[in-house]
Amino acid sequence: MSISKFIYSLVWLLLMPFAVLCAQESSHVALDSTMVISAEPQPQAPVVKQKSPVYQATYLSLDIFNPIATAFSGRFEASIAADVSLWHRLFPAIEIGVMGCNEQQDLYKYTTAGGFVKIGANYNFLNYQPDRKRDHAVFAGVRYGYSFTSYQLSDAQLSNNYWHETGTYATNNQVAHFGWLEFQLGVRVQVYKQFFMGLALEVKTFGHYYQNEASYPTYIAGFGSDAKATNFGLLYHLTYQFPTKK
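Worth saying up front: this structure is predicted, and the values here are computed from it rather than measured.

From N to C terminus, the protein includes two helices and 12 strands. Put simply, the protein runs from its N terminus to its C terminus through helices and strands in the order α-β-α-β-β-β-β-β-β-β-β-β-β-β. Expressed as a percentage of the 246 residues in the protein, the buried residues total 35%. The contacts of the protein with a sequence gap of at least 6 include a subset with a gap of at least 24, amounting to 66%. Carbon and sulfur atoms make up 65% of the accessible area of the protein, which totals about 15200 Å².

This brings us to the pairing of strand β12 (residues 231-243). Two strands pair when backbone bridges link them, and strand β1 (residues 55-63) and β12 are joined in this way by seven bridges, in the antiparallel orientation. Within β12, the position partnered with aspartate 63 by the bridge is histidine 237. Of the strand pairs in this sheet, strand β9 (residues 195-209) and β12 are connected by 10 bridges, and their pairing is antiparallel. Directly across from valine 203, in β12, lies its bridge partner phenylalanine 232.

A word on the side chain of aspartate 83. If you trace the backbone, aspartate 83 turns up in strand β2 (residues 75-86). In this structure aspartate 83 comes out as buried when scored by relative accessible area, which is 7%. A distance of 3.1 Å separates the side chain of aspartate 83 from the side chain of arginine 188, its partner in a polar contact. Setting aside residues no more than four positions away along its own chain, aspartate 83 makes contact with Ala57, Thr58, Tyr59, Phe91, Pro92, Ala93 and Arg188.

Quick look at the side chain of threonine 70 now. As for its position among the elements, threonine 70 is in helix α2 (residues 65-70). Polar side-chain contacts of threonine 70 include one of 2.6 Å to the backbone oxygen of asparagine 66. Side-chain polar atoms of threonine 70 contact the backbone oxygen of arginine 75, separated by 3.2 Å. Those residues in contact with threonine 70 that sit more than four places away from it in its chain are Arg75, Phe76 and Glu77.

Summarising the model, the protein shows a mean pLDDT of 80, and 69% of its residues fall at 70 or more. Here residues 26-39 scores under 50 on pLDDT; set against residues more than four positions off or in separate chains, the count is zero contacts.

Turning our eyes to something else, we now look at the nonpolar core. As a rule of thumb, soluble globular proteins bury nonpolar side chains together. Among the nonpolar cores identified, the biggest contains nine residues, and these are Met99, Cys101, Phe116, Phe178, Trp180, Tyr219, Ile220, Ala221 and Phe223. Those residues in contact with alanine 221, other than ones at most four positions away along the chain, are Met99, Gly114, Gly115, Phe116, Ser147, Thr149 and Trp180. Formed by six residues, the second largest nonpolar core is a distinct cluster that contains Phe65, Ala69, Leu199 and Leu234.

The subject of this paragraph is the packing of aromatic side chains. Across all of its chains, the model carries 11 aromatic pairs by this definition. Relative to phenylalanine 196, the ring of tyrosine 59 lies with its centre 5.4 Å away and its plane at 85°, an arrangement referred to as edge-to-face. Separated by 137 residues along the polypeptide, tyrosine 59 in strand β1 and phenylalanine 196 in strand β9 bring together distant segments of the chain. Neither residue differs from the other here; tyrosine 59 and phenylalanine 196 are each classed as buried. By the ring-pair criterion, three or more aromatic residues cluster together here, those being Phe178, Trp180, Tyr209, Tyr216 and Phe223. Positioned above the aromatic ring of tyrosine 59, the side-chain terminus of arginine 188 is 3.9 Å from the ring centre.

Examined against the element boundaries, proline 53 turns out to sit in the loop between α1 (3-38) and β1. In this structure proline 53 comes out as partly exposed when scored by relative accessible area, which is 31%. Linking proline 53 and histidine 88, residues 35 residues apart in sequence, is a C-alpha distance of 9.2 Å.

Here we take up the environment of lysine 204. With respect to the helices and strands, the residue lysine 204 is situated in strand β9. Owing to a relative accessible area of 6%, lysine 204 belongs among the buried residues under this scheme. Distance in space between the C-alpha atoms of lysine 204 and leucine 181 is 6.0 Å, their sequence separation being 23 residues. Residues contacting lysine 204, with those up to four places away along its chain left out, are Lys118, Trp180, Leu181, Glu182, Gly222, Phe223, Ala229, Thr230 and Asn231. A distance of 2.9 Å separates the side chain of lysine 204 from the backbone oxygen of glycine 222, its partner in a polar contact.

Conventions adopted
Residues numbered from 1 in each chain as written. Predicted model: local features only at pLDDT ≥ 70, side-chain atom pairs only at ≥ 80, totals over all residues. Heavy atoms only, no water. Helix = DSSP H or I, 4+ residues; strand = E, 2+ residues; numbered from the N terminus. Buried < 20%, exposed > 50% of the residue type's maximum accessible area, 1.4 Å probe, protein only. Contact = heavy atoms within 4.5 Å. Areas by Shrake-Rupley, 256 points an atom, 1.4 Å probe, with all protein chains shown as cover. Pairing = 2+ DSSP bridges. Polar contact = N/O pair within 3.5 Å; in protein donor to acceptor, adjacent residues only side chain to side chain. pLDDT = per-residue confidence, 0-100. Core = buried A, V, L, I, M, F, W, Y, C linked by side-chain atoms within 4.5 Å. Phe/Tyr/Trp six-rings, centres within 6.5 Å; stacked < 30°, edge-to-face > 60°. Lys NZ or Arg CZ within 6 Å of the ring centre and 35° of its normal.

Structure below.
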């Protein structure tokens, strides 16, 4: 099985729990509607509008997709994230992560490692009523990302066909500082009590180096390939909620 087919199968398996939960929610809604239709009309009490508190909860998330997906490419990347729910609409967020790569070829050895941080916020378009039963969310978000990536080339084989000479070449360890803008679109579903699952698509663009260098890394921590102006990513989060709303 090719790597691409494996990743597609993995994404499909990750999406299945969301479909099951949506089906369960739909069945509950249908049952409630039937009960309302069959019930006798009751006098309605005055409606008192509930006021939602500003601070709702704090969420801590671990991405499990990228550690698995990158393990088959000779590169490792992992991240954790935290966000705070304000009115269950606005979610200020921060994400930190690490990346490492050790590429060994016949003619050279290339190593790179780094870390990154993203700061921004999500906006929830769904399910923000004070009397909601579950804390599901469908959101769009924006981040600013910053990363530092160290890289080094060693054991590069050089040859001169005219003089029939060979040799090796190596560079000193170098560090590149890079920034970018990132857009996210995703969903987070409350599975059981304080446990959630989340899926998000990332669009990373407007990349820029903080200073000019003689060379640049081929892969940038948190952003992706340096050769592309726009990179896409996928996050599959397992999340725990620290609730204090009421």
